[in-house]
Structures are given as C-alpha cells and as structure tokens.
Amino acid sequence: MKPDTDTIVDTSTDTHASPRLAVAKTYKLYLGGKFPRTESGRYYKLFSGGGDSGEVLANVCLGSRKDFRNAVVAARAAQPGWASASAFLKSQILYRVAEMLEGRASQFAAELVSMGLEPEAARAEVTTAIDRLVHFAGWADKYQQVFSAVNPVASSHFNFTILEPTGVVAVIAPEASPLAGLVSALVPVIVGGNTAVVIASHARPLSAITLAEVLHTSDVPGGVVNLITGDKAELLPHVGTHMDVNAVVYADDDRDQLAALREAAADNLKRVVQRGGVDWLGDDANDPYTILATQEVKTTWHPIGV
Amino acid sequence: MPMPETVSIPPSPPVDQVGIHERAARFASRSIKKEAKVQALKLTLSMIDLTTLTGADSPGKVKQLCTKAKHLADPDLPGCDDLPHVAAVCVYPTMVPVAKKELDGTGIHLAAVATGFPTGQYPLPVRLEDTRRAVEAGADEIDMVISRGRFLAGDLNYVFDEIAQTKEACGEAHLKVILETGELSTYDNVRRASDLAMHAGADFIKTSTGTVSPAATPEVTLVMLQAIADFHRATGKVIGMKPAGGIKTSKQAIHYLVMLRETLGQQWLHPDRFRFGASSLANDVLMQIVKQASGNYQSGDYFSLD
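In this text the structure is predicted, and so the values were computed from the model without any measurement.

(A) Just the environment of A:Val150, in detail. All names here are of chain A. With respect to the helices and strands, the residue valine 150 is situated in strand E3 (residues 149-151). The class for valine 150 is exposed, based on a relative accessible area of 59%. Between the alpha carbons of valine 150 and threonine 300 there is a distance of 9.7 Å; along the sequence they are 150 residues apart. In this view, valine 150 contacts Phe158, Asn159 and Phe160; residues no more than four positions away in its chain are not counted.

(B) Expanded view of the pairing of strand E1 (residues 48-51) of chain B. All names here are of chain B. Every second residue of E1 is oriented toward a common face, with Ile48 and Leu50 on one face and Asp49 and Thr51 on the other, all of them buried. Pairing geometry for E1 and strand E8 (residues 276-278), over 3 bridges, is parallel. When the bridges of E8 are listed, leucine 50 appears paired with alanine 278. Taken together, the 3 bridges between E1 and strand E2 (residues 88-91) define a ladder with parallel strand orientation. Pairing of threonine 51 across the sheet is with cysteine 90, part of E2. This β-α-β element, E1 to helix H3 (residues 59-70) to E2, shows right-handed connectivity.

(C) Expanded view of unusual backbone geometry. All names here are of chain B. Of note, the bond from phenylalanine 117 into proline 118 is cis; its omega dihedral lies within 30 degrees of zero at 0°. With respect to the secondary-structure elements, proline 118 resides in the loop between strand E3 (109-114) and helix H5 (124-136). One non-glycine residue with positive phi stands out, namely lysine 34, at about 50°. The exposed category is assigned to lysine 34, whose relative accessible area is 57%.

(D) Fine view of the packing of helix H2 (residues 87-103) of chain A against helix H7 (residues 206-216) of chain A. Residues and elements named next belong to chain A. The N-to-C vectors of H2 and H7 enclose an angle of 125°; their axes lie 9 Å apart at closest approach. Judged by the inter-axis angle, H2 sits oblique to H7. Taken as a pair, H2 and H7 cross one another with a handedness that is right-handed. Every residue of H7 that contacts H2 at Val97, Met100 and Leu101 is listed here: Leu211, Val214 and Leu215. In the contact of H2 with H7, the residues fall into 6 nonpolar, no polar and no charged.

(E) Examining the interface of chain B and chain A more closely. With 10 residues of chain B at the contact, the number on the chain A side is 8 residues. When chain B packs against chain A, the two sides together hide about 880 Å² of surface, and 42% of this comes from carbon and sulfur. Considering only the surface of chain B that becomes buried against chain A, B:Asn296, B:Tyr297 and B:Tyr302 emerge as the three largest contributors, covering 59% of it. The interface formed by chain B and chain A includes 3 residue pairs in polar contact (both at pLDDT 80 or more).

(F) Region of interest: a positive patch on the surface. Side chains of A:Arg65, A:Lys66, B:Lys33, B:Lys34 and B:Lys251 sit close together on the surface and give a patch of like positive charge. Note on placement: B:Lys33 falls in the loop between helix H1 (17-27) and helix H2 (34-46).

(G) Representation of the packing of aromatic side chains in the model. Inspection of every chain in the model, using the stated rule, returns 7 aromatic pairs over all chains. A centroid spacing of 5.1 Å and a plane angle of 35° characterise the contact between A:Phe158 and A:Phe160, whose relative ring orientation is tilted. Cluster of aromatic residues (ring-pair linked, three or more members): A:Trp139, A:Phe147 and A:Tyr289. Directly above the aromatic system of B:Tyr158 lies the positively charged group of B:Arg150, at a separation of 3.9 Å from the ring centroid. Against the face of B:Tyr297 rests B:Lys291, its NZ or CZ located 4.9 Å from the ring centre.

(H) The arrangement of the sheet that holds strand E6 (residues 195-199) of chain A in detail. Residues and elements named next belong to chain A. As summarised here, the arrangement of the 5 strands in space is E7-E6-E5-E8-E9, forming an open sheet in which the pairing is parallel. Each edge of the open sheet carries a strand with a single partner, namely strand E7 (225-228) and strand E9 (271-274). When strand polarity is set aside, the average angle formed by the axes of neighbouring strands in this sheet is 20°. As judged from the 4 bridges shared by strand E5 (residues 168-172) and strand E8 (residues 247-250), these two strands associate in the parallel manner. Bridge pairing in E8 places alanine 170 opposite valine 248. Running at roughly 155° to E5, helix H8 (residues 232-241) makes contact with E5, E6, E7 and E8 of the sheet. Of the strands in this sheet, E8 and E9 touch helix H9 (residues 255-266), which is tilted by about 160° from E9.

(I) Structural detail: the pattern of salt bridges. What the rule picks out here adds up to 31 salt bridges over all chains. We note a salt bridge from A:Glu164 to A:Lys298, for which the minimum N-O separation is 2.8 Å. Of this pair, A:Glu164 sits in strand E4 (residues 157-165) while A:Lys298 sits in strand E10 (residues 295-303); the two residues are 134 residues apart in sequence, bridging distant segments of the chain. Among the residues examined, A:Lys298 registers a relative accessible area of 36% and is labelled partly exposed. A salt bridge links B:Glu102 to B:Lys70; its shortest N-O distance comes to 3.7 Å. Pair noted here: B:Glu102 is in helix H4 (residues 96-103) and B:Lys70 is in helix H3, with a separation of 32 residues, a long-range link.

Conventions we followed
Residues numbered from 1 in each chain as written. Chains lettered and ligands numbered in written order. Predicted model: local features only at pLDDT ≥ 70, side-chain atom pairs only at ≥ 80, totals over all residues. Heavy atoms only, no water. Helix = DSSP H or I, 4+ residues; strand = E, 2+ residues; numbered from the N terminus. Buried < 20%, exposed > 50% of the residue type's maximum accessible area, 1.4 Å probe, protein only. Contact = heavy atoms within 4.5 Å. Pairing = 2+ DSSP bridges. Right-handed = clockwise from strand over helix to strand, strands pointing away. Axes fitted to C-alpha atoms, helices over the stretch in contact; angles between N-to-C directions. Parallel < 35°, antiparallel > 145°, perpendicular 65-115°, else oblique. Left-handed = near helix turned anticlockwise from the far one by under 90°. Nonpolar A, V, L, I, M, F, W, Y, C, P; charged D, E, K, R; others polar. Buried area = accessible area lost by both parts, 1.4 Å probe. Polar contact = N/O pair within 3.5 Å; in protein donor to acceptor, adjacent residues only side chain to side chain. Patch = residues over 30% accessible without salt bridge, like charges linked within 9 Å, V, L, I, M, F, W, Y side chains within 5 Å. Areas by Shrake-Rupley, 256 points an atom, 1.4 Å probe, with all protein chains shown as cover. Salt bridge = Lys/Arg side-chain N within 4 Å of Asp/Glu carboxyl O. Lys, Arg positive; Asp, Glu negative; His and termini not counted. Charge placed at Lys NZ, Arg CZ, Asp CG, Glu CD. Phe/Tyr/Trp six-rings, centres within 6.5 Å; stacked < 30°, edge-to-face > 60°. Lys NZ or Arg CZ within 6 Å of the ring centre and 35° of its normal.

Structure follows, in structure tokens:
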C-alpha cells in the first residue's frame, strides 16, 4: 500500500478546521528492545538538508560510553538465544524486516531527503536496503552448508568444519550511505547468529533510528540489534578496548579512525573487519563472504573405525 | 487446660510501606565513583557468602567453589593484587566436610544451610539434628529457615521456640535466621519475624533462601535493617544482616551498602555484621574492579565460572 496524493497526511498545511500542531518524533537510542534517551542527557542538533544551521530536524542523542556499555550488556544477554534460533526462523524474521521496511518506504525516503539526499538517491537507498534484507534472509539457511566442509584427512577420523557466530559485534555505520550502507553492514552480522551494537551515522542518523522501529516491529528479539547515535571519535576508543565485544565491522571511510580502532583492539585481539570503500548500492554488497567475516571456524576430529 | 505461654516480646511498630519504598528508591540514586567505588567493591567482596545450593552439588563443584573463594582472580590482573577473600562459603550439610578440608586455615568461614532448608517442612527434632550434624562436621555458621506456615498461621510461639532451640543446637556456631520474606506477604510480617528472630537469639537475620521469588529486595532489607537498629537501641545487642538472592550486579551491591551505612552507621560496614548471599555477584564485582584499574570494560569470558 503506497500513499498517493489523496492519502498523504500533512498536518502542517491542513489547517482548514482548527490549526493542529504536528506531533514531532523524539529520536532516541535503541537498547535491549527499548527506546531510552542517552543516559548522559546530551544532544546534538541536526539541521535540515545536512547543513550547520537553519531548520532543526531533531535533537539527536549524543550517546556516551555508558550507553555503549549498556548496549553491549543487552547484546551479550541476547546472543545465545539468537544464535540458537533456527536458520529458518532467522530467515523469516529478516524477511519480515523487509516487509515492514517496504510498508514505510515513503517515510524513509522523505527522512533521507530531509537530511540532504537527492530524491533519486533517497529512493535508491530505500529500495536497496529492502532488497539487501531479502537477499540475506535467503542466505540464513544456506551459508552454513555452503561454507562448511568435510575435510579429507590421512588418519581414521571424520573431519569436518563448521561456522559459529563470534558473539557480540560492533558495527560502525558508514556516513555516506545512511540506510543501505547501514543495512548492508549489519545484516551479514546478525544473519550469522551474532548480536550487534550499531554506531549510527553522525551526519544522517534519523533513518538508523527509524530502522530500529522497523526491527522492533519485526520479531527481531530485543538486544539482537542495539543502536547508538553519537560522536564516533568519542565512542570508538571504547569500542576498541571493550573486552566483551568480539569483533568490529568498520564500514566507514576514515582511515585515521580505522587505524586508531585497530590499535585499541590490538590489546584484546579483537577482530576488526574493514568494509570501507564499498559501493553500498551495488551488487558487491551482496557478497555472502561478508557473513564469514564475523564467524568462527570450528573443526572437529571425530574418530572412526575404532 | 493451661493456655500456651505467649511470646512476650515488645510489639513491633507498623511499617510505613510508602515511606519504605520512597526511601529505598533514594538509595539507588546515589552516585559512588572512583576511589570510593573501588573501596565499596572490595568491601562487597569481603562480605560475600559464596553460595552453591543445588541438588546437583558434588564434591568437585564444592572444591571448585572453595578454590574460587580463596583465589578470586588472577593477581596479575589490574587492580587485583590485594583483593580480600570472601566472608564465607555456603553449602548444604552433606558438603560441609569437603568444604571444611578446603577452607581450613584460610580465615574463610564455612556456612551450612540446615533445619530442612529451604522449606523447613520437617519435624523439629529432625531439623535440630540436621543442625547439630552440620556443626559437628565443621560448619561455624548455620543458616536456618523458619516455619513460615506456622508464622503465617499466627503460631509465633512455635517459631520463637524453634529459633531458640536451633540456637542451642548451634553451640559456638553463628546462627543466621532466614525469614523467607518472599513468603511473608507484608512488611509488617517481615518486621515481626525480624523482631522475633532477634529476641530468640539470632546472630544474623537473612532475607531469603534464594529459591522463592521475590528474594532480597532493597525495600525488605531496609525494613529488616530498621528492626536491627531498634533492637540495638533497646538492648545494645549487635545483629548482622544478610540479603540473599537476586543481587547480581556491583551497582545493586553498592546501593545496599549505602542503605546499610545510612541506616545502621559506619560500624556495620564489616563482614561480621553484613553479608551478601550470592554466587554470580563476585564476578561482576571483579570485572568492575579491573575496569576501574585498567579503564577498559571487561568480559565474563576472562573470569572463572561460578
């Protein structure tokens, strides 16, 4: 069901009866299946069209290290349950996310335009995000059989290799592609049974938070995806040093930021997956090997013939 | 026919439920940071009764728990070079000999639950024998349960007598009286049971067995702390307090310490006068201590299993 000119509700001009104030949405964080404000109480102003002044679109939460900590606690608590959900169920849930996103496509496009994207680019962001979800929903019950192996060995063992989720993964969303890029970086992580803490685009955070609403209404269990808006330079050192984050998918393009993240993560041997420089709207982002990037490989030697 | 002699202890004052809730909520809003936090965390460790109370307890499990009681964390970890040991290890009577062997000479107390834990629904002679055997086997602290059924039926004499007789059976061992507040329905009942236990000879009063929900809550603990304060004022006797069950995080534990300090004063901030009955609390406290010293958030993966 798409809105057309007759069904678009625009309260700001529809003032023929008594003037009505539009109800503006408060953009908040998404932690453990809830939408709290940042514990720090800090905000930054987001201006229309992505500029430094003018009409204020929203006061966006400037998330703190404690918000990140709480997000990791929620993600850790949700991880075993999500990992043990059947592949079919994960697939169904991700497809459901696509359904919900499709129904709100116009809202997402309008939100992206308000943050400065051209209408054509905004539409491409939304349709790519939906298609990406459907694509990886299909991979949920396939990646294990494609990437696992039975290995020939020279002793009397049945030797096989399977994949297991690495655990809690931080996803640093790209600034350039606020919806398609975010979805493309996030979905391969959760389709493999990991739970995620997303640091959203700082310049264009609104579609990330609206995506959290979509996830929330799609049977994605609380805590599987947690989303924080804020200053990446402030948050990334804590992402790197946090002992309970197993991997980081860095999908932005700032080389210095990536180097600093790698340095902070070196102490605790955390895996840092670089996914910068990707054409988020292109087919490259459909690569199923991106699922593999946040999986652990387990090989089992099972004695036979004894 | 002679009437049974009634317990002649002073009447207990009524408990202001709304006031208790408001006051307990205030303690949770205190902010304890930096050096004060580290001190509170170490004090918490020294007050823990490390507990295992399941049907599946085996000598191996108890040995492991005792080892943990003696060596809480790797001393090479940041901030862990001068950790206190826990106050006690708390086990079922059959496991006392195993724990006794492990804890001899360490200064760690050995507590045994007795008197037909956790329900107390056994004949009194059996429950007293249970106590005597636990003490003979080497327990120097006994955690008894009261007959909640008798208490709720109004048979206070019976409850008074069973506590007094258990105290006698304890000999030199300290007696902690578990009220099982989750089954007592009202704060007035909790207050009455606390007064009863203290007059009957309890050394400690304890909230819960850990098998009934709700277990320890800040509210019920506050009611009991106030009973202890009034008893101390009236008789000069010092009674200890032990909340048990459901205290899992450092933050909760620190809130309890704040409540203790502000209700009973500085001299109660000691393992001889306050205990936490907990199993998973210790690891969370250790993670917070390492976090304070290293600046990095910690993961449960790097601390011993309980």
